[in-house]
Every structure is written in C-alpha cells, then in structure tokens.
Amino acid sequence: MNIACLGWGSLIWDPRSLGISRTENREDVWAEDGPELPVEYARESGRGRLTLVLLPLVAAVPTLWTKFTSQSLAVAQENLAAREEIGPHHREEWIAHWVRGEGCVSPTQAIVESWARDRDIDAVVWTDLLPKTDGQNGIAPSLQQALSFLKSRTGEEWKAAEEYIRKTPRQIRTTFRSVFEKELGWVPTGRK
C-alpha cells in the first residue's frame, strides 16, 4: 500500500520521527503539488505559536505531500499521531485519512480523493486538529484576534511564533499570513 502524508506547516521543516524518506535537506522529500485545501493560522498552540489547521470557508492553498516508508495505514496513522504529540484519546478524530475505494464522508476526503485519483497512492493521512482560541477547541480566531495573539508573545514564545510563520512553505499563502507579514515584518524563509 502506497501511503501519502499531507503537510502545510512544521511537518515540512521539522518532521522529527515521522516515517518518511530522508535526504540531507529534510524538506526535499516534500512535493509541492499536494491537494488544494482550506488552511489558515487558526490554532493557538504550544510554545505560543499560531499554527495552521484546516478551516472550512477560507481560500484553498496547494499543500505539500510525501510518502510514508511504511505500507501499513495503521502504522502511518500512529506515526503521524506520535509526531504531532496527539494522545490515543484523540487519534481517531485528529488524524484523518482517505483510502482508495472506501468512499468519502467529508469535503476534505473528497478533495483528497480527486487529487490522489491519478497518482500511485492508495491512502492519504493528514493532521486534522481543530482551530483553538483562548483555550477553546473548535473556535477560530478572527484576523484581529490572531494578530493580537501574536503581538502579545514575548521572549521564547515570540521567537517560536515568528519561526513557525516564517518557515511555513511560501506556497501556503493565506489571508492571515499576508497580514502578519505586513504588520509584523515576518518575511518568509521557508521553501519556495
């Protein structure tokens, strides 16, 4: 079974123990022609970062993808959950997947299925965390809330927040990112 992993944030530059092929430049294994999905900086996350999550009703951007070295869907899901530090009680809901021939139950799965149709891919796995604002899962911040959150970071949290946004691949051009770059001067340093 050929299994792909989708990415749009820190998986690209910091795969850690993710079970994917490796090169000297960790980012080289990620292809830039992934499915176009609606992602935005909408999750107040650990270390003071504002991270990218799938968010319906925002503009879709081309994601990145790579293949898992494992041919087991269960292993790929466990591997991604471990990398994302998602405990067993949330793995089923926060690690999403599509498998050829199983049909689609979500709009994201339908997009992934259409993208995977002409590729030698049997299954696709991705992180499907909820947006989070003020500690509340499922609540996406407004642009002003997101900008205020970032501006309120100091010290190591400021550095972590800035690093995440700067290192996000340049093709992930979200509405919020354009404002962050203008307001905070955070020019992208991630792959083109």
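Everything that follows concerns the structure shown earlier in this document.
Residues numbered from 1 in each chain as written. Predicted model: local features only at pLDDT ≥ 70, side-chain atom pairs only at ≥ 80, totals over all residues. Heavy atoms only, no water.

Undergrad: Give me the lowdown on the overall build of the chain, citing residues and values where you can.
TA: Secondary structure assignment for the chain yields seven helices and nine strands. Relative to the compact-globule value of 16 Å for 192 residues, the chain shows a C-alpha radius of gyration of 16 Å, a close match. Expressed as a percentage of its 192 residues, the buried residues of the chain come to 48%. Sequence-distant contacts in the chain: of pairs separated by 6 or more residues, those separated by 24 or more amount to 67%. For the chain, the exposed surface amounts to about 9,300 Å²; the carbon and sulfur share of it is 49%. Computed over 24 positive and 27 negative side-chain charges, the separation of the two mean positions in the chain equals 5 Å. (Helix = DSSP H or I, 4+ residues; strand = E, 2+ residues; numbered from the N terminus. Rg over C-alpha atoms; globule rule 2.2 N^0.38 Å. Buried < 20%, exposed > 50% of the residue type's maximum accessible area, 1.4 Å probe, protein only. Contact = heavy atoms within 4.5 Å. Areas by Shrake-Rupley, 256 points an atom, 1.4 Å probe, with all protein chains shown as cover. Lys, Arg positive; Asp, Glu negative; His and termini not counted. Charge placed at Lys NZ, Arg CZ, Asp CG, Glu CD.)

Undergrad: Quick one: what's the story with unusual backbone geometry, residue by residue and with numbers?
TA: Of note in the backbone geometry, Leu57 takes a positive phi value of approximately 75 degrees without being a glycine. Within the element layout of this structure, Leu57 appears in the loop between strand S3 (50–54) and strand S4 (60–62). Even without being glycine, Asp134 reaches a positive phi, approximately 50 degrees. Secondary-structure assignment places Asp134 in the loop between strand S8 (132–133) and strand S9 (136–137). Overall, the relative accessible area of 63% leaves Asp134 in the exposed class.

Undergrad: Which residues make up the pairing of strand S2 (residues 36–44), and what values do they have?
TA: Burial within S2 is extensive, with eight of its nine residues counted as buried. The pairing of S2 with S3 spans five bridges and is antiparallel. What sits directly across from Val39, in S3, is Leu54. What sits between the antiparallel neighbours S2 and S3 is a turn of five residues, in which Arg47 has the positive phi angle 65 degrees. (Pairing = 2+ DSSP bridges.)

Undergrad: Tell me what's going on with the sheet that holds strand S5 (residues 64–67), and back it up with residues and numbers.
TA: Reading across the sheet, the four strands line up as S5-S1-S7-S6 and stay open at both edges, with mixed pairing between neighbours. Strand pairing shows two members of the sheet lacking a second neighbour, S5 and strand S6 (95–99), which therefore form its edges. For this sheet, the mean inter-axis angle between neighbouring strands, taken without regard to orientation, is 25 degrees. Sheet analysis places S6 next to strand S7 (residues 123–127), joined by five bridges and oriented antiparallel. Note that in S7 the partner of Val99 across the bridge is Ala123. The strands touched by helix H4 (residues 107–116) are strand S1 (3–7), S5, S6 and S7; relative to S7, the strand with the most contacts, the crossing angle is about 135 degrees. (Axes fitted to C-alpha atoms, helices over the stretch in contact; angles between N-to-C directions.)

Undergrad: Quick one: what's the story with the state of the cysteines, residue by residue and with numbers?
TA: Scanning all chains against the criterion turns up zero disulfides. No disulfide involves Cys5; its sulfur sits 18 Å from the nearest other cysteine sulfur, which is in Cys104. A relative accessible area of 31% places Cys104 in the partly exposed class. (Disulfide = S-S within 2.5 Å.)

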